[in-house]
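# Chain and residue survey
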Amino acid sequence: MVHDLYDDEGVRAALRDRYGARVFAQDGSVDRAAVGVLVFGDEDELFWLEHLLHPLVMARTEAWREELSSSPEPPELAVNEVPLLYETGSEGRFDAVVAITAPRELRAERAGERLDAREGRLLPEDEKLQRADFSYVNDGSLDDLDAFVADVVRSLTSA
């Protein structure tokens with residue numbers, strides 16, 4: 001959802017006002033990697049970007065949830081991925097929280113050099129797991145993960 005916001009004209013205008021052409025690709029699209037270089041090394045810039053994007057993400061999430069709930073046959077379950085759920089104090093917006101993490105070595109392998117720059121400001125993984133309604137350490141097979149997800153879905157839809 002956040003990536004889609006970079007197509008929003010208001011977001012593009014705000015980025016252009018703040019950073020100029022250096023965060024735009026030749027085709028006029030936002031160069032997210034260029035934005036990342038600017039914001040992940042500077043707390044003030046990251047704060048600015050998050051305050052630009054987070055309200056828009058929340059509004060789109062709420063609109064999506066409203067659309068689902070007002071449909072003739074609303075789904076029993078809707079899932080929303082929120083990478084900064086606890087960091088933004090958004091956990092109260094949801095009926096249940098599922099936290100899935102992985103050992104640091106595996107996260108580092110998946111994220112590469114981005115891990116240290118971004119993970120340092122996040123809530124520790126063990127705290128996320130403790131706070132969540134359902135938690136899973138994803139260090140096994142895809143079948144294991146699928147079984148966990150199926151159990152969560154059963155639990156949430158049987159109430």
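Residues numbered from 1 in each chain as written. Predicted model: local features only at pLDDT ≥ 70, side-chain atom pairs only at ≥ 80, totals over all residues. Heavy atoms only, no water.

### A short note on the pattern of salt bridges
The tally for this structure, following the rule as stated, stands at eight salt bridges. For the salt bridge of Asp151 with Arg154, the shortest nitrogen-to-oxygen distance reads 2.4 Å. Remark: Arg154 and Asp151 occur in helix α8 (residues 142–157); sequence separation between them is three residues, near one turn of the helix. Among the residues examined, Asp151 registers a relative accessible area of 45% and is labelled partly exposed. Because the salt bridges share partners, they merge into one network encompassing Glu62, Arg65 and Arg93. (Salt bridge = Lys/Arg side-chain N within 4 Å of Asp/Glu carboxyl O. Helix = DSSP H or I, 4+ residues; strand = E, 2+ residues; numbered from the N terminus. Buried < 20%, exposed > 50% of the residue type's maximum accessible area, 1.4 Å probe, protein only.)

### Let's talk about the pairing of strand β1 (residues 98–101)
Because side chains alternate across β1, one face comprises the buried residues Ala99 and Thr101, and the other comprises Val98 and Ile100, none of which is buried. Bridge count between β1 and strand β2 (residues 134–137): four bridges; the pairing is parallel. Residue Val98 lies in a different strand from β2, and its bridge partner there is Phe134. (Pairing = 2+ DSSP bridges.)

### Comments concerning the packing of helix α2 (residues 9–19) against helix α4 (residues 43–69)
Helices that pack against each other are described as a pair by the angle of their axes relative to one another and the distance between those axes. One way to put it is that α2 packs onto α4 with a least axis distance of 11 Å and a crossing angle of 170 degrees. Taken together, the axis directions place α2 and α4 in an arrangement best described as roughly antiparallel. Contacts between α2 and α4 involve Val11, Ala14, Leu15, Arg18 and Tyr19 on the former and, on the latter, Glu45, Trp48, Leu49, Leu52, Leu53 and Leu56. (Axes fitted to C-alpha atoms, helices over the stretch in contact; angles between N-to-C directions. Parallel < 35°, antiparallel > 145°, perpendicular 65-115°, else oblique. Contact = heavy atoms within 4.5 Å.)

### Looking at a negative patch on the surface
A contiguous patch of negative charge on the surface is contributed by Asp139, Asp143, Asp144 and Asp146. By secondary structure assignment, the location of Asp139 is in the loop between β2 and α8. Given a relative accessible area of 54%, Asp139 falls into the exposed group. (Patch = residues over 30% accessible without salt bridge, like charges linked within 9 Å, V, L, I, M, F, W, Y side chains within 5 Å. Areas by Shrake-Rupley, 256 points an atom, 1.4 Å probe, with all protein chains shown as cover. Lys, Arg positive; Asp, Glu negative; His and termini not counted. Charge placed at Lys NZ, Arg CZ, Asp CG, Glu CD.)

### Side note on the nonpolar core
Tyr6, Leu15, Val23, Val35, Leu49 and Leu53 are the most contacted members of the largest nonpolar core, which totals 17 residues. Residue contributions to this core peak at five residues, all from α4. Residues in contact with Val35, not counting those within four places in the same chain, are Tyr6, Val23, Val30 and Leu49. Core analysis: the second largest hydrophobic core is formed by eight residues, Phe94, Val97, Leu123 and Ala132 among them. (Core = buried A, V, L, I, M, F, W, Y, C linked by side-chain atoms within 4.5 Å.)

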